[in-house]
Amino acid sequence: MGGGRGRGRKRAPALLRQRDAQAGEGRGGHFQAGWGGPQKSGRRCNVQTEESMFEDSWCAKSERAGPESMYPIQVHSPEYSYGCPPPQAWLGRSERLTRKNYMVKNLKRFRKQLEREVGKLEAAKCDFFPKTFELPSDYHLFVEEFRKTPGITWIMKPVARSQGKGIFLFRKLKDIMDWRKDVGRSDDQKDDIPVENYVAQRYIENPYLIGGRKFDLRVYVLVMSYIPLRAWLYRDGFVRFSNTRFTLSSIDDHYVHLTNVAVQKTSPDYDPEKGCKWMIQRFRQYLTSKHGPEMVETLFRDMDNIFIKSLQSVQKVIISDKHCFELYGYDILIDQDLKPWLLEVNASPSLAASSQEDYQLKTCLLEDTLHIVDMEASTHRAAHGSVEGKACLLRLYRRKQAYGSRLAWLTGKEKRVGGFDLMWNDGPVSREEEGIDTAGTGNFVANTHLGCNNDRKKQLRQLFCSFHSQKKVTS
């Protein structure tokens, strides 16, 4: 028994390294957040001296690692702790939103709940995801729906894979006969060979095209709490284009229908210098020039509705913890009627950058995320009364004075931090210049600025100066 446990302990680090390597290989980047002692893993900053512990509250490293990841990003948290619980970057049961089948189930349930409690008008605001069935469990329901509308295109997606793996389009039932055969098997046979779950989703055949090419949007939402719900929306994001002109005559060509960068970069005519991305600010300007500001405002308000409703749909099933947070990557598709559709929510959005512009976006995103998480404030509270803790905090404060861009501890009343805008705080949040519409006149303007100017450096500087002025007044 003792020998077995000893061998298990020796093999554990190797297994963890293998798991981390596989995760990094699949995602192209990673984001680790947590406190603890010095780590020996190559994925963490090694803490060699007391002085290096307080060099910075974060560090971002980039190095060329081959053509697949020109600008890999690694972000690490402070490696210190004074008896406070270690914060994690993942909330319990977060797969209820990030797995495709669970996400649809919770959205359907939430829509029915709204219809019972509020009415059909409010429930209709949840109609932002295509008709979806889980296979093989919903096979008979899917066949019934399939035969109602023959000739349309459906898309099959594995519920727990990423980067476009395992996805295919079809128009005939014979293309998915494997699932039909599985339904007819006995229970004993099903136990022998587990079947991978897929979702069959009605394909959006009329996507909005730019230059004849299909695209989707990647938008970042930071959730600090589910109970109460507190969510931030990042101003920056990007548009991912397909490398081939869109057509429905060839449903087997992934370069036409899948916008994942992991798929597009394998295209024979893919140009790594040009890439296949737009910044979301450029996209918003393009739409405004084509359709006018009013229609664009409506589109972006509809996207805000997607973010909030999707988070509310899992609010009661995700385990909320004040020491945890989630950074989600939302994938949104827009059709020709300027209606946004939710494709999926990613729990670990890729941090690999394919261009200098992409690298700049993601490093700023992660820096602002750590500002809002504000781990230094928690350390400050945990270190209160400790002589060693106070000495370390004094050195950290001096570092902050040397680096003016570093934020001091937040008050909790901020509506904006860097590129993040507070979107929901146990209720809708209004912009600074607007008030809550108590009279029902329709003047309420949500505090969201997706695709707008991101003057984050100026805002951080003002926030930092405001903190110091308040410190001088109180002292």
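The structure presented is a predicted model; accordingly, all values stated were derived computationally and were not measured.

About the cut-offs
- Residues numbered from 1 in each chain as written.
- Predicted model: local features only at pLDDT ≥ 70, side-chain atom pairs only at ≥ 80, totals over all residues.
- Heavy atoms only, no water.
- Axes fitted to C-alpha atoms, helices over the stretch in contact; angles between N-to-C directions.
- Helix = DSSP H or I, 4+ residues; strand = E, 2+ residues; numbered from the N terminus.
- Parallel < 35°, antiparallel > 145°, perpendicular 65-115°, else oblique.
- Contact = heavy atoms within 4.5 Å.
- Nonpolar A, V, L, I, M, F, W, Y, C, P; charged D, E, K, R; others polar.
- pLDDT = per-residue confidence, 0-100.
- Core = buried A, V, L, I, M, F, W, Y, C linked by side-chain atoms within 4.5 Å.
- Buried < 20%, exposed > 50% of the residue type's maximum accessible area, 1.4 Å probe, protein only.
- Salt bridge = Lys/Arg side-chain N within 4 Å of Asp/Glu carboxyl O.
- Lys, Arg positive; Asp, Glu negative; His and termini not counted.
- Polar contact = N/O pair within 3.5 Å; in protein donor to acceptor, adjacent residues only side chain to side chain.
- Pairing = 2+ DSSP bridges.

Caption draft 1: Expanded view of the packing of helix α4 (residues 100-117) against helix α12 (residues 293-313). Put simply, α4 and α12 touch, their axes get as near as 9 Å, and they point 95° apart. On the basis of their axis angle, the class for α4 and α12 is roughly perpendicular. Of the residues in α12, those touching α4 at Asn106, Leu107, Arg109, Phe110 and Leu114 are Lys309, Ser310, Gln312 and Ser313. Across the contact of α4 with α12, the residue classes break down as 3 nonpolar, 4 polar and 2 charged.

Caption draft 2: Layout of the confidence of the model for the chain. Of all residues in the chain, 65% have pLDDT values of 70 or greater, and the mean over the chain is 75. Model confidence for the chain, summarised as mean pLDDT per element, is weakest for helix α2 (residues 50-53) at 31 and strongest for helix α11 (residues 280-291) at 97. Contacts from residues 1-88, a stretch scored under 50 in pLDDT, to residues over four places away or in other chains number 149 contacts.

Caption draft 3: Summary view of the nonpolar core. Judged by nonpolar contacts, the single largest core of 47 residues is most densely connected at Leu217, Phe283, Leu311 and Tyr330. For this core, the elements supplying multiple residues, two or more each, are α4, β8 (215-226), β9 (229-241), α11, α12, β11 (326-334), β12 (340-346) and β14 (420-425). When residues of this core are assigned to their parent elements, the largest contribution, 8 residues, is made by α12. Non-local contacts of leucine 311, meaning those with residues more than four positions away in its chain, are made with Leu97, Val221, Val223, Tyr226, Leu229, Ala231, Tyr328 and Tyr330. The next biggest cluster of nonpolar side chains, apart from the first, holds 22 residues, and it includes Tyr234, Leu365, Ile372 and Val429.

Caption draft 4: Structural context of the side chain of aspartate 368. Looking at the element boundaries, aspartate 368 is found in helix α13 (residues 356-373). Residue contacts for aspartate 368: discarding those within four places in its chain leaves Tyr234, Val417, Gly418, Gly419, Phe420, Arg456 and Leu460.

Caption draft 5: The arrangement of the pattern of salt bridges in detail. Under the defined criterion, the tally for this structure stands at 17 salt bridges. Note that lysine 100 is salt-bridged to glutamate 344, the shortest N-O span being 3.5 Å. Of the two residues, lysine 100 is situated in helix α4 and glutamate 344 in strand β12; the sequence distance between them amounts to 244 residues. Here lysine 100 matches glutamate 344 in class, with each residue buried.

Caption draft 6: Looking closely at unusual backbone geometry. That bond from leucine 135 to proline 136 is cis: its omega, 10°, falls within 30 degrees of zero. If you trace the backbone, proline 136 turns up in the loop between β4 (132-135) and α6 (139-148). The amide bond that connects isoleucine 227 to the next residue, proline 228, takes the cis arrangement and shows omega of -5°. Among the structural elements, proline 228 can be located in the loop between β8 and β9. One non-glycine residue with positive phi stands out, namely leucine 338, at about 60°. When its relative accessible area of 10% is taken as the criterion, leucine 338 is described as buried.

Caption draft 7: Structural view of the side chain of aspartate 335. Structurally, aspartate 335 can be placed in the loop between β11 and β12. It turns out aspartate 335 is buried and unbridged, and the closest side chain with the opposite charge, lysine 339, is 6.5 Å from it. A distance of 2.9 Å separates a polar atom in the side chain of aspartate 335 from the backbone nitrogen of lysine 339. A distance of 3.0 Å separates the side chain of aspartate 335 from the side chain of tryptophan 341, its partner in a polar contact. With near-sequence residues (within four places) excluded, aspartate 335 lies in contact with Ile204, Asn206, Pro207, Tyr208 and Trp341.

Caption draft 8: Broad picture of the sheet that holds strand β7 (residues 198-202). Taken in spatial order, the 4 strands make up an open sheet running β4-β7-β5-β6, and their pairing is antiparallel. Looking at the sheet topology across the chains shown, the edges are occupied by β4 and β6 (168-170). Between one strand and the next, the sheet's axes are offset by a mean angle of 25°, whatever the strand orientation. In this sheet, β7 lies alongside β4 in antiparallel orientation, the contact comprising 4 bridges. From the neighbouring strand, threonine 132 faces β7, where its bridge partner is glutamine 201. Sheet contacts for α6: β4, β5 (154-158), β6 and β7; angle to β4, the most-contacted strand, approximately 140°.

Caption draft 9: Spotlight on the pairing of β12. Of all 7 residues in β12, 7 are buried; the element is thus mostly enclosed. Pairing analysis gives 6 bridges linking β11 to β12, with the strands arranged antiparallel. Across the sheet, the residue bridging to isoleucine 334 is proline 340, located in β12. Linking two consecutive strands that pair antiparallel, namely β11 and β12, is a turn of 5 residues; a positive phi of about 60° is found at leucine 338 within it.

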